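# Summary of structural features
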There are 2 protein chains.
Amino acid sequence: MPILVMKFGGTSVATLDRIRSAATRVGREVANGYDVIVIVSAMAGETDRLVGLVKETGQFFDAREYDAVVSSGESVSAGLMALILQEMDVPARSWLGWQVPLMTTGAHAAARIERIPTRNILAKFGEGMKVAVVAGFQGIGSDGRVTTLGRGGSDTTAVAFAAAFGGERCDIYTDVDGVYTTDPRISVRARKLDRIAFEEMLELAALGAKVLQSRSVELAMRHGVRLRVLSSFGDPDDGAGTYVCQEEEIVESSVVSGVAYSRDEAKLTLVSVADRPGIAAAIFGPLAAAGVNVDMIVQNVSEEGRTDLTFSCPTDQVARAMRAVEEAKSEGVINFRGLLSDTDVCKVSVVGIGMRSHAGVAAKMFEALARENINIQVITTSEIKISVLIDRKYLELAVQALHDGFELERAT
Amino acid sequence: MPILVMKFGGTSVATLDRIRSAATRVGREVANGYDVIVIVSAMAGETDRLVGLVKETGQFFDAREYDAVVSSGESVSAGLMALILQEMDVPARSWLGWQVPLMTTGAHAAARIERIPTRNILAKFGEGMKVAVVAGFQGIGSDGRVTTLGRGGSDTTAVAFAAAFGGERCDIYTDVDGVYTTDPRISVRARKLDRIAFEEMLELAALGAKVLQSRSVELAMRHGVRLRVLSSFGDPDDGAGTYVCQEEEIVESSVVSGVAYSRDEAKLTLVSVADRPGIAAAIFGPLAAAGVNVDMIVQNVSEEGRTDLTFSCPTDQVARAMRAVEEAKSEGVINFRGLLSDTDVCKVSVVGIGMRSHAGVAAKMFEALARENINIQVITTSEIKISVLIDRKYLELAVQALHDGFELERAT
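The structure reproduced in this document is the subject of the present report. (Residues numbered from 1 in each chain as written. Chains lettered and ligands numbered in written order. Predicted model: local features only at pLDDT ≥ 70, side-chain atom pairs only at ≥ 80, totals over all residues. Heavy atoms only, no water.)

### So, the overall build of chain A
Along chain A, the regular secondary structure elements total 12 helices and 20 strands. Relative to the 2.2 N^0.38 estimate, which gives 22 Å for 412 residues, the radius of gyration of chain A is 23 Å and therefore close to what a compact globule would have. Projected onto the principal axes, the alpha-carbon positions of chain A cover approximately 75 × 50 × 30 Å. A buried classification covers 55% of the 412 residues belonging to chain A. Of the roughly 16800 Å² of accessible surface on chain A, a fraction of 47% belongs to carbon and sulfur atoms. Positive and negative charge centroids in chain A, built from 43 and 54 side chains respectively, lie 2 Å apart. (Helix = DSSP H or I, 4+ residues; strand = E, 2+ residues; numbered from the N terminus. Rg over C-alpha atoms; globule rule 2.2 N^0.38 Å. Buried < 20%, exposed > 50% of the residue type's maximum accessible area, 1.4 Å probe, protein only. Areas by Shrake-Rupley, 256 points an atom, 1.4 Å probe, with all protein chains shown as cover. Lys, Arg positive; Asp, Glu negative; His and termini not counted. Charge placed at Lys NZ, Arg CZ, Asp CG, Glu CD.)

### Here we look at the interface of chain A and chain B
On the chain B side, the residues contacting the 39 residues of chain A number 38 residues. Taken together, the two surfaces of chain A and chain B that pack against each other cover about 2900 Å², and 63% of this comes from carbon and sulfur. Ranking the residues of chain A by area buried against chain B places Thr57(A), Leu83(A) and Trp98(A) at the top, with a combined share of 20%. Close ionic contact of Arg49(B) with Glu46(A) constitutes a salt bridge, the shortest N to O distance being 3.5 Å. Here chain A is connected to chain B by eight residue pairs in polar contact (both at pLDDT 80 or more). For the side of chain A that touches chain B, the elements supplying multiple residues, two or more each, are α1 (16-31), α2 (46-57), α3 (63-70), α4 (72-87) and β3 (92-95) of chain A. For the side of chain A that touches chain B, the element with the highest residue contribution is α4(A), accounting for 10 residues. (Contact = heavy atoms within 4.5 Å. Buried area = accessible area lost by both parts, 1.4 Å probe. Salt bridge = Lys/Arg side-chain N within 4 Å of Asp/Glu carboxyl O. Polar contact = N/O pair within 3.5 Å; in protein donor to acceptor, adjacent residues only side chain to side chain.)

### Details of the sheet that holds strand β17 (residues 306-313) of chain B
Picture the strands of a sheet paired through backbone hydrogen bonds; they go either parallel or antiparallel. Residue and element names in this part refer to chain B. Taking strand neighbours across the sheet as the criterion, the six strands line up as β16-β17-β15-β18-β20-β19 in an open arrangement whose pairing is antiparallel. Looking at which strands have only one partner, the edges of the open sheet turn out to be β16 (297-299) and β19 (376-382). On average, each strand axis in the sheet is inclined to that of its neighbour by 25°, with strand direction left out of account. Bridge count for strand β15 (residues 258-274) against strand β18 (residues 338-351) is 11 bridges, and the pairing is antiparallel. Within β18, the residue paired with Leu270 across the bridge is Leu339. Across the sheet, helix α10 (residues 318-330) touches β15, β17 and β18, and the angle it forms with β18 is around 130°. Contacts from helix α11 (residues 361-371) reach β18, β19 and β20 (385-391), with the element oriented near 20° to β20. (Pairing = 2+ DSSP bridges. Axes fitted to C-alpha atoms, helices over the stretch in contact; angles between N-to-C directions.)

### Brief notes about the sheet that holds strand β18 (residues 338-351) of chain A
Residues and elements named next belong to chain A. Strand order in the open sheet formed by six strands is β16-β17-β15-β18-β20-β19, with antiparallel pairing between adjacent strands. Strand pairing shows two members of the sheet lacking a second neighbour, β16 (297-299) and β19 (378-382), which therefore form its edges. Averaged over all adjacent pairs, the angle separating strand axes in this sheet is 25°, with direction ignored. As paired elements, β19 and strand β20 (residues 385-391) share five bridges and run antiparallel to each other. Paired with Val378 across the bridge in β20 is Leu389. Contacts from helix α10 (residues 318-330) reach β15 (258-274), β17 (306-313) and β18 within the one sheet, and its direction differs from that of β18 by about 130°.

### Side note on the pattern of salt bridges
Side chains that carry opposite charge are capable of pairing whenever their charged atoms lie near each other. Applying the stated criterion across every chain, the model contains 45 salt bridges over all chains. Within the structure, one salt-bridge network assembled from shared partners comprises Glu46(A), Arg49(A), Glu46(B) and Arg49(B).

### A look at the side chain of Thr182(A)
All names here are of chain A. Locating Thr182 in the fold gives a position in the loop between β10 (179-180) and β11 (192-193). A polar contact of 2.7 Å, which involves the side chain of Thr182, links it to the backbone oxygen of Val259. With near-sequence residues (within four places) excluded, Thr182 lies in contact with Ser187, Ala190, Val259, Val399 and His403.

### So, the packing of aromatic side chains
All names here are of chain A. A complete count under the given rule lists nine aromatic pairs over all chains for this structure. Between Phe8 and Tyr173 the ring centres are 4.8 Å apart and the planes differ by 15°, which places this aromatic pair in the stacked class. Of this pair, Phe8 sits in strand β1 (residues 3-8) while Tyr173 sits in strand β9 (residues 169-174); the two residues are 165 residues apart in sequence, bridging distant segments of the chain. The pair formed by Phe8 and Tyr173 is uniform in burial state, with each residue classed as buried. (Phe/Tyr/Trp six-rings, centres within 6.5 Å; stacked < 30°, edge-to-face > 60°.)

### Section: the pairing of strand β6 (residues 131-135) of chain A
Residues and elements named next belong to chain A. Counting buried residues in β6 gives five out of five residues, a clear majority hidden from the surface. A two-sided burial pattern is seen for β6, the buried positions comprising Val131, Val133 and Ala135 on one face and Ala132 and Val134 on the other. Bridge count for strand β2 (residues 35-40) against β6 is five bridges, and the pairing is parallel. From the neighbouring strand, Ile37 faces β6, where its bridge partner is Ala132. Taken together, the four bridges between β3 and β6 define a ladder with parallel strand orientation. Considered in β6, the bridge of Ala92 is made with Val131.

### Structural notes on the nonpolar core
Judged by nonpolar contacts, the single largest core of 84 residues is most densely connected at Leu80(A), Met81(A), Val131(A), Leu80(B), Met81(B) and Val131(B). When residues no more than four places from it in sequence are discounted, the contact partners of Met81(B) are Phe8(B), Val13(B), Ile19(B), Ala22(B), Ala23(B), Val38(B), Val40(B) and Val133(B). (Core = buried A, V, L, I, M, F, W, Y, C linked by side-chain atoms within 4.5 Å.)

### A word on the relation of the copies chain A and chain B
Here chain A sits on chain B after a turn of 180° about the axis and a move of 0.0 Å along it, with an RMSD of 0.0 Å. Within this description, the copies of the chain are treated as partners about a two-fold rotation axis. Judged by C-alpha distance, Ser72(A) is the residue of chain A that lies nearest the rotation axis, at 2.7 Å. Mapped onto chain B, 97% of the interface residues of chain A are again interface residues, and the two copies thus contact each other with one and the same surface. (Least-squares fit on C-alpha atoms with pLDDT ≥ 70 in both.)

### Examining unusual backbone geometry
That bond from Val100(A) to Pro101(A) is cis: its omega, -15°, falls within 30 degrees of zero. Phi angles above zero are rare outside glycine, and Asp89(B) is one such case at about 65°. Under the relative-accessibility criterion, Asp89(B) is labelled exposed at 71%. Despite not being glycine, Ser272(B) has its phi angle at roughly 55°, a positive value.

And the structure:
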């Protein structure tokens, strides 16, 4: 039997009725002749609740215990999905991460999948089981303890299963009917894309478009997994969602495909750093060791041997970042006069594979922002995207200005 | 280091503040020189919520999936307790059932503990860990799937750990400060007992006094575990709770120690059963196979080869029981004219080791109920208890009448 992977996000399993509706979709694919691997997220709100509990215990918590607590949301929804499928006479059972076992690295709270043995589940398919319901997000480290893959990790679980089992397709069911040119809550002119290239999706995901976890896109690209994003609401025969595919499969691509944003950005500035060769390593080494995800980095021109250094990271890592930098200073590894943090910033980006062959995108972007008097604090660019850090209060304005400026409401 | 087992029930870990308060008690015992094994229940209300979700999926659910779902409440509280202990600088880590591994039988949703290997946890104590926080209620069956021990199973987990590790004592922290002569919510004259014999506690627990799961008492009795029930609220220096101990340790025992009750009773009657040798086995065999916990059984005098047979079971097993009996009838195993069920009954019992040497307890009990015009539907007795099934609306009245009748408000 061909294998299909279907992943249901938190809103798609938020209530028993929604799980029933998702299970009906699974049953249709079983009737279509597939052996189905279903990956489930925790019921909507559950992971936030659990993370909240952990964070209330203290600021610097043991990530191993975080994982033990936070992974439980997926255990619950996997069991419930299996029960409901059984109730519909679809032979199903649930698998927890450690039962597969989905082997990961030991990086608790941000583990990476290392290996998914297929034997146990294939044996059950051989015995007539039609659906393996797997708890997303969770795995087991070599220390025998529960690990989690980071927020949105169930997408990665789904793609990894599709890759490991040679799945015909990996369908990601979510609360939107596909990938849009930007967040429709911000711009009413946002348009659904029928196809998007892996590379673009990767940039959009990394930039805060919450449809897919970026690691899942990376994994799908690497293993050639056919990925589809579609809504778990509405008529199953309606629309095919958005295919995430190879660049070659996209006939006509626009210069810019989408505008993404991330509210969860903070800016830190080390004022008057003693500048010398190796200073960047001396600063970012301890930050990496402290698990801070540094994103943008800007270093001003050096004057008289001293320089200002600015970087951004997720807002919830600011305390950790400041502690790491202060410790490096007290240990004499680095030297600076002041340390400033600003959590009132956000990042807005334009993304498109067409940028590779089109000049002038940056200029057009800066003009669109200038017209609205939005000051740009930091700029970074890659081959297919340009990102700016701006004052958070301008986020919606900037997104709309860019969406209009690049005329994204029009299909190419 | 001597080992102490401390178990905290659902109300004792209902919020992070309560977990902190429990952790403070644990810290005191660590300071007293103990290596501590903490067993935690799910946060109050959580198991009910999860059981509710499972039951909503359908009436006849797969107990293996039930276990996967319902066990998650304890995983959460174990992680949180470990985090809070760490925050108080007490070296601690959590253990899920399958990590210990706490090996159980394969009877999902009602598994029995078979083996608790001590090696892993002792090794951690050897490395300086002071507290092993173990998720109560959950284990792993030989099929590699999560099992649970039945409601209240965390008490049994605690006693089993005390037995396996040779714990000096097993302290059960709960929301009451000990074992009472009856439920204080029903009789204002209920009195706290300083000591109670294992046998009495066993009857009380089995009869619905919710302080301890009966299996935990059985296990403690068998392994000579020193068991104590005490409150996790109020001043830790206050009162020692109730010791559950050997009969010999109780200097003066009353004839009756307590009045217990259970609302969760249903009565089923098979009307006009064809009476023949082996008929009881033919009826109760299928009920046992269907997992129905039959409690009281009464068979009327047989007339003309037919008899009425009445038995009681928990209310939530009525559907299952009726199905099993109807199936046995349709298969020709048994024959009866009618099947009646009554879920408006309850069980009230008096318990006391003194009954062994005192006559007239039953008569006194029936008199007390007769004075209140309470009709007795079914009676069963054991060496140290007498139980009656009565109309549920008389429950509170019966408990008070019996508590007063046996003068339980007075210490002996």
